[in-house]
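Below are the chains, spelled out letter by letter.
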Amino acid sequence: MMADLHDNYLDWLRDAHAMEEQAETMLKGMAKRLEHYPALEARIKQHIDETLEQQRLVESVIKRYDSSSSTFKDLAGKVGAMTQAMGGMFASDEVVKGGIAGYTFENFEIASYTALIGAAQAVGDLEGQRIFEQILAQEKAMASWLLEHLPEITQQFLMRSKAPHTEAKR
């Protein structure tokens, strides 16, 4: 049986909500462990606030279609994020790998919201399109910030890692 346009759109909205739940878990886990990288910590905390608002906005689109987010998808996203965060805790270069993973995840979000904009256009959801364009701009800004600052973060890590009695990984 073929899913109709609105069924697909609703599934993708639920996926986006779960993706934002996953992002929140990953970002909060990373922010807790960034003692020695204040610029990255500040930007991550700013993006946590944006992510919480993005969750609310996506939820508002879902509710307009008289539906709810998928508890299963939200939970699966959080578990995946926690697993990733825990794995990073044991890496000696956690801050660098976290920056790379963050950049990768932001680009996944960019692609997801780009697709949602096209879907919103197809179903005639102008408010959803506006919301996704707003979120897309925030995701692009975060990805751009990470890409721009990753060399500096990596250099800070390398300098800290060669200094005696200095914590470098976070």
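Rules used in this analysis
Residues numbered from 1 in each chain as written. Predicted model: local features only at pLDDT ≥ 70, side-chain atom pairs only at ≥ 80, totals over all residues. Heavy atoms only, no water. Helix = DSSP H or I, 4+ residues; strand = E, 2+ residues; numbered from the N terminus. Buried < 20%, exposed > 50% of the residue type's maximum accessible area, 1.4 Å probe, protein only. Areas by Shrake-Rupley, 256 points an atom, 1.4 Å probe, with all protein chains shown as cover. Expected span 1.5 Å × (residues − 1). Contact = heavy atoms within 4.5 Å.

Here we take up the overall build of the chain. Counting its regular elements, the chain contains five helices and zero strands. The helix and strand sequence of the chain, counted from the amino end, reads α-α-α-α-α. Buried residues in the chain amount to 47% of all 170 residues. Element-wise, carbon and sulfur atoms account for 60% of the exposed surface of the chain, whose accessible area totals about 9,000 Å².

Here the focus is helix α2 (residues 38-64). An ideal rise of 1.5 Å per residue puts 39 Å on 27 residues; α2 measures up with 39 Å between its terminal C-alpha atoms. Phi turns positive, to about 55°, at D66, one or two residues after α2.

Another point: the side chain of T51. Within the fold, T51 resides in helix α2. You can call T51 buried: its relative accessible area is 0%. Not counting residues within four places of it along the chain, the set of residues in contact with T51 comprises E20, A23, E24 and L27.

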